[in-house]
Amino acid sequence: MNDALALAEDLQTQAAGWSAEIELGYERRGDAVCQSIIVHPPGGIVGGDELAVSATVELGARAQITTPGAARWYGSAGATARQRISISVGEHGQAEWLPQETILFDGAIVESDLRVELCEDAAWFGWDIFCLGRSAAGERFERGRVRHRVEILRCGAPLWIERAKLDAGSPWLAAMAGLRAQPVFGTLLATAEHVPDDLLSSCRALRTSSGEGGVTRLPGLFVARYLGDSTAAARHYFAAIWALARPALLGRAAVMPRIWST
């Protein structure tokens, strides 16, 4: 058992999980985008922790939420760590959810939910990137399980519903129709009534430094995926797509959050 996993499991036997909640509200004052950086003080998430993020973007407001670094979900002795993210966007509002990657340590037991509720003319642009095990250190995801759910609704009707059930040791993790034995995967989703052909072509012309990426358009949505072995490659690929798509879909220039460069 590695030291980090042993420490995480020892901490769980000594104390109840950490419970934390933050509520964010955005209202329009001028035409600027309000950028928020969410910091989790303990620096990592262990079994028994319960985290909740709630954000409300009011009429015409524009919000961008990101994180200062990778989220780390440590191995568990048996307790489940949970995270719930709920974002609602009012008429003519815009919300961007652009966190850095999530690293799931060997032995992590995780439930993660993202629910986005949009009014008729609201806009959404967001992504999530996951890494099973600390692949950079040669660690594999050999114990644990992950449950990840994403729901995007417009006026109560579903635009996108996805549920991932990942169990360590499952044949699906290595299957060609699954993760193909790759530890890193991610999804980018943006609402769009119309995705211009030239935007789609430009995004499809992008290449990842490692792994595979792809983009498509669905009714009301622009979608990109990544599958590979590098969180940095996934992050740079999604950021490049965001730089092309943000002006077209949100009507704003793509100015990278400064925290990404620190």
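Computed from a predicted structure; not experimentally measured.

Asks: Where do I start with the overall build of the protein in this structure?
Replies: Assigned secondary structure in the protein consists of three helices and 15 strands. Taking 2.2 N^0.38 as the reference for a compact globule, 262 residues should give roughly 18 Å; the C-alpha atoms of the protein span a radius of gyration of 18 Å, in line with that estimate. Expressed along its principal axes, the backbone C-alpha trace of the protein runs to roughly 50 × 40 × 35 Å. Taking all 262 residues of the protein together, 47% fall into the buried category. Excluding contacts between residues fewer than 6 apart, the proportion of contacts in the protein whose partners are at least 24 apart in sequence is 77%. Split by element, the accessible area of the protein, about 12700 Å² in all, is 51% carbon and sulfur.

Asks: Just to check I follow, could you spell out the pairing of strand β11 (residues 145-154) for this structure?
Replies: Counting buried positions over the ten residues of β11 gives seven, a clear majority of the element. Sheet topology places strand β9 (residues 109-118) next to β11; ten bridges connect them, and they run parallel. Within β11, the residue paired with Asp113 across the bridge is Arg149. As paired strands, β11 and strand β12 (residues 157-167) are joined by ten bridges and run antiparallel to one another. Along β12, the bridge assignment pairs Arg154 with Ala157. In textbook terms, the turn of a hairpin is the stretch between consecutive antiparallel strands, and for β11 and β12 this stretch comprises two residues, one of which, Cys155, has a positive phi near 55 degrees.

Asks: I keep staring at the pairing of strand β3 (residues 50-57) and nothing clicks. Help me out?
Replies: The two faces of a sheet get side chains in turn, since along a regular strand they alternate between them. Bridge count for strand β1 (residues 19-26) against β3 is eight bridges, and the pairing is parallel. In the sheet register, Leu24 faces β3, and the bridge partner there is Ala55. The sheet contact formed by β3 and strand β6 (residues 81-89) spans eight bridges and is parallel. In the strand pairing of β6, Ser54 is matched with Ser86.

Asks: In this structure, what is going on with the packing of helix α2 (residues 197-204) against helix α3 (residues 231-250)? I would like to understand it.
Replies: In a pair of packed helices, the angle between the axes and the distance between the axes together describe the arrangement. Packing of α2 against α3 leaves a shortest axis separation of 10 Å and a crossing angle of 170 degrees. What the angle tells us is that α2 and α3 run roughly antiparallel. Across from Leu199, Ser202 and Cys203 in α2, the residues of α3 making contact are Ile241, Leu244, Ala245, Ala248 and Leu249. Across the contact of α2 with α3, the residue classes tally to seven nonpolar, one polar and no charged.

So, how was this worked out
Residues numbered from 1 in each chain as written. Predicted model: local features only at pLDDT ≥ 70, side-chain atom pairs only at ≥ 80, totals over all residues. Heavy atoms only, no water. Helix = DSSP H or I, 4+ residues; strand = E, 2+ residues; numbered from the N terminus. Rg over C-alpha atoms; globule rule 2.2 N^0.38 Å. Buried < 20%, exposed > 50% of the residue type's maximum accessible area, 1.4 Å probe, protein only. Contact = heavy atoms within 4.5 Å. Areas by Shrake-Rupley, 256 points an atom, 1.4 Å probe, with all protein chains shown as cover. Pairing = 2+ DSSP bridges. Axes fitted to C-alpha atoms, helices over the stretch in contact; angles between N-to-C directions. Parallel < 35°, antiparallel > 145°, perpendicular 65-115°, else oblique. Nonpolar A, V, L, I, M, F, W, Y, C, P; charged D, E, K, R; others polar.

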